[in-house]
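Examining the three-dimensional arrangement
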Amino acid sequence: MDRTSLDALAEAGRTTILRHARLIDGTGAPPRVAEVAVKDGAILAVGEGLAGDAALDCGGLTLLPGLIDAHAHLIYSGFRSLDEVDRQSVESATINGVLNAAKVLDAGYTTIRDVGTIGNVAATVRDAVEAGKVRGPRVVASGPIICATGGLGDTVPPHWTRAHGLGVLVNGAEAIRAEVRRQIRLGVDNIKLAASGVEVGPYAWTWMTTFSEEEIRVAVEEAHRWGRTVAIHAQSYDSVKFALRAGVDTIEHGTRMDDEAIALFARSDTVLVPTLSTLFSVLELGAKLNLLPKQREEMAVNEPLWLDSFRRARAAGIPIASGADLGNRYPHGANAREIALLVRCGMTPMEALRAATAVAARALRRADRIGTVEAGKAADLLLFDGDPLADIESLQDLARIALVVKGGRAVAGRLARG
Ligand SMILES: [Zn+2]
């Protein structure tokens, strides 16, 4: 595979056949030897004996859909607390966003959903990537996280005021409606709402519900009328149920779910993004990084609840997507650690791969365009030197990322570097 044939992949009107690949197509079908025809940034056909203008020999490596991370924050860059996140200026947050986007792409991720930013950094990075100005995955962008006073994004002492931060503090249904519209005008794809406290916040504990059902309902109703999705940070029992009744697209974390929540979930079209990395990174690194006592204490309390909720959701057949919430403890580029954690907590390797491909695409409401290697989908592909079904941990080994193709272009991996 040389640079010339890789460049030919992106040439308009030409069909390139990827040959000799061991295909894991993201649908859950077992691996098979297959050819993939790529034309004009899309997958034209998958099969055997395909004809085209050029061919790329995949040398028997594993071909997967480009990976998808459903829960990212591009502006996270080794911060120990939300307070530190908020100390970034919009300008430095933008630089962090650009640098981290490249790291995620190099790890084989062709799409991420950013679920909380400062200013309008996520959409700005999204547009810069699309325009070819900077390297990165496709970005499904949110604005700042809509939070209640005292809620997740409220990081400063009560007698301080703040200009901006990861959260925007909004109270009452009509004020939330106005904020949703403001963010839509800024060009976000997704609205992120924090309906419960968070381990790392100073005022609200994770068992506390910080928005009323009515406030959540208005956010979802407004976003959906404008064709946007909604992701809800929900760690308390009521926040999960409020969000499910409101028809939210994804529940983030889902730390506390009782039988009623699981039953509601199973009847809904909502996808769970359990972010096991959020939990395990604090358990693993809390002492080493000297994380806040409240965060470490709450996480210890939450661990059994979180794992129990995850396991019961899986047993109930609720769709579960991979989202790693990375950047502060586990670094950007370690996104596939979440896939391994899903397996460690009970998923089969194939299930976990689907959580990071087809099911993640469903969570983003983009399953018609990405998430599987099938005719008609975008040519977002990962050529991997190894067998992730036999060794799921190996996906974290960046040296095994042979080639990353996004929209029919070779954008990362050792073969693209030449
Ligand atoms: Zn998050």
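What follows is about the environment of G371. Mapping G371 onto the fold places it in the loop between α13 (358-363) and β15 (381-384). G371 sits 12 residues away from V359 along the chain, and the two C-alpha atoms are 7.4 Å apart. In this structure, G371 is in contact with D25, G26, P65, I68, T357, A358 and A361, ignoring residues within four places of it in sequence.

Now for the sheet that holds strand β7 (residues 109-114). Pairing in this open sheet of three strands is parallel, and the strands run β6-β7-β8 from one edge to the other. At either margin of the open sheet sits one strand with a lone partner, and together these are β6 (67-72) and β8 (138-140). Each adjacent strand pair in this sheet contributes to an overall mean axis angle of 20°, direction not counted. Two elements, β7 and β8, share three bridges in a ladder whose sense is parallel. What sits directly across from T111, in β8, is R138.

Time to look at the coordination of the zinc ion. Looking at the zinc ion, the protein donor atoms are H71 (NE2), H73 (NE2) and D325 (OD), and they sit 2.0 to 2.4 Å from it. In the primary structure, the donors to the zinc ion are separated according to the pattern H-x1-H-x251-D. Exposure remark for H73: the relative accessible area of 2% places this residue in the buried category.

What follows deals with helix α6 (residues 213-225). Over its 13 residues, α6 extends 18 Å from the first C-alpha to the last, a length consistent with the 18 Å expected when each residue adds 1.5 Å. Taken together, the buried residues of α6 touch α5 (173-185), β11 (190-194), β12 (229-234) and α7 (237-246). Positive backbone phi, at 75°, marks G227, one or two positions downstream of α6.

Attention shifts here to the layout of surface pockets. The gaps of empty space that remain are located by a probe, the size of a water molecule, rolled over the atoms. Considering only enclosed or pocket space, the largest pocket measures out at about 320 Å³ in volume. V129, E130, K406, R409 and V411 are, among the 15 residues lining the largest pocket, the residues nearest its centre. Taken together, the elements giving at least two residues each to the lining of the largest pocket come down to α4 (121-130), β8 and β17 (409-412). Class assignment for the residues of the lining of the largest pocket results in six nonpolar, three polar and six charged. Of the residues that make up the lining of the largest pocket, three or more belong to each of domain 1 (3-65 + 371-417) and domain 2 (67-363).

Bringing empty space enclosed by the protein into the picture now. Scanning the entire structure with this criterion turns up three cavities of 30 Å³ or more. For the largest cavity, the lining is made up of 25 residues, of which Y76, L82, V198, V200 and D325 are closest to its centre. For the lining of the largest cavity, the leading source of residues is helix α10 (residues 293-315), giving three residues. Within the lining of the largest cavity, the residues separate by chemical class into 11 nonpolar, nine polar and five charged. What the second largest cavity holds in volume is close to 50 Å³. If you trace the second largest cavity, you find it lined by P65, G66, I68, T110, T111, R369, I370, G371, T372, K377, A378 and D380. Residue-level mapping places the lining of the second largest cavity at the junction of two domains, with at least three residues from each of domain 1 (3-65 + 371-417) and domain 2 (67-363).

With 100 residues, the main nonpolar core has I146, I216, I232, I251, L276 and I339 as its most contacted residues. Summarising the domain contributions, this core has at least three residues from each of domain 1 (3-65 + 371-417) and domain 2 (67-363). Counting 22 residues, the second-largest nonpolar core is a separate cluster that includes V36, I43, L56 and A402.

The subject of this paragraph is α10. A rise of 1.5 Å per residue sets the reference length of α10, with its 23 residues, at 33 Å; its end C-alpha atoms lie 33 Å apart and thus fit the reference within 8%. In α10, a bend of some 45° at N302 exceeds every other bend along the element, and P304, a proline, comes one to four places later. For α10, the set of buried residues is K294, Q295, E298, M299, N302, W306, L307, S309, F310 and A313.

All right, on to the packing of aromatic side chains then. Tallying each qualifying case throughout the model produces zero aromatic pairs. Seen from the ring of W205, K294 lies directly overhead, with NZ or CZ sitting 4.5 Å from the centre. The aromatic ring of Y330 is capped on one face by R337, whose charged end is 4.0 Å from the ring centroid.

It is worth spelling out the domain arrangement of the chain at this point. Split by domain assignment, the chain resolves into domain 1 (3-65 + 371-417) and domain 2 (67-363). Each of domain 1 and domain 2 has a C-alpha centre, and these two points are 30 Å apart. Interface of domain 1 and domain 2: buried area, both sides summed, is about 2100 Å²; carbon and sulfur atoms make up 66% of it. Contact with domain 2 buries surface across domain 1, with I392, Q396 and K406 losing the most and accounting together for 26% of the total. Applying the counting criterion to the domain 1 and domain 2 interface returns two salt bridges. The partner of R138 in a salt bridge is D380, with the nearest N and O atoms 2.7 Å apart. Summed over the shared surface of domain 1 and domain 2, the number is eight residue pairs in polar contact (both at pLDDT 80 or more). Taken together, the elements giving at least two residues each to the side of domain 1 that touches domain 2 come down to β5 (62-65), β16 (401-406) and β17.

A separate point is the pairing of strand β1 (residues 15-23). One ladder, built from seven bridges, connects β1 with strand β2 (residues 32-39); its direction is antiparallel. Paired with T15 across the two strands is K39, which belongs to β2. With four bridges connecting them, β1 and strand β4 (residues 54-57) associate as parallel partners. The residue bridging R19 from the neighbouring strand is D57, located in β4. Sheet analysis places β1 next to β5, joined by two bridges and oriented parallel.

Calculation notes
Residues numbered from 1 in each chain as written. Predicted model: local features only at pLDDT ≥ 70, side-chain atom pairs only at ≥ 80, totals over all residues. Heavy atoms only, no water. Helix = DSSP H or I, 4+ residues; strand = E, 2+ residues; numbered from the N terminus. Contact = heavy atoms within 4.5 Å. Pairing = 2+ DSSP bridges. Axes fitted to C-alpha atoms, helices over the stretch in contact; angles between N-to-C directions. Donors = N, O, S within 2.8 Å, 3.2 Å for Na, K, Ca; no water. Buried < 20%, exposed > 50% of the residue type's maximum accessible area, 1.4 Å probe, protein only. Expected span 1.5 Å × (residues − 1). 1 Å grid on protein atoms, 1.4 Å probe; cavity = no way out; pocket = protein on both sides within 12 Å on 5 of 7 lines; lining within 4 Å. Points joined across faces, edges and corners; volume = space filled by probe spheres on them. Nonpolar A, V, L, I, M, F, W, Y, C, P; charged D, E, K, R; others polar. Domains from an automatic or database assignment. Core = buried A, V, L, I, M, F, W, Y, C linked by side-chain atoms within 4.5 Å. Bend = angle between axes of the 7 residues up to and from the residue. Phe/Tyr/Trp six-rings, centres within 6.5 Å; stacked < 30°, edge-to-face > 60°. Lys NZ or Arg CZ within 6 Å of the ring centre and 35° of its normal. Buried area = accessible area lost by both parts, 1.4 Å probe. Salt bridge = Lys/Arg side-chain N within 4 Å of Asp/Glu carboxyl O. Polar contact = N/O pair within 3.5 Å; in protein donor to acceptor, adjacent residues only side chain to side chain.

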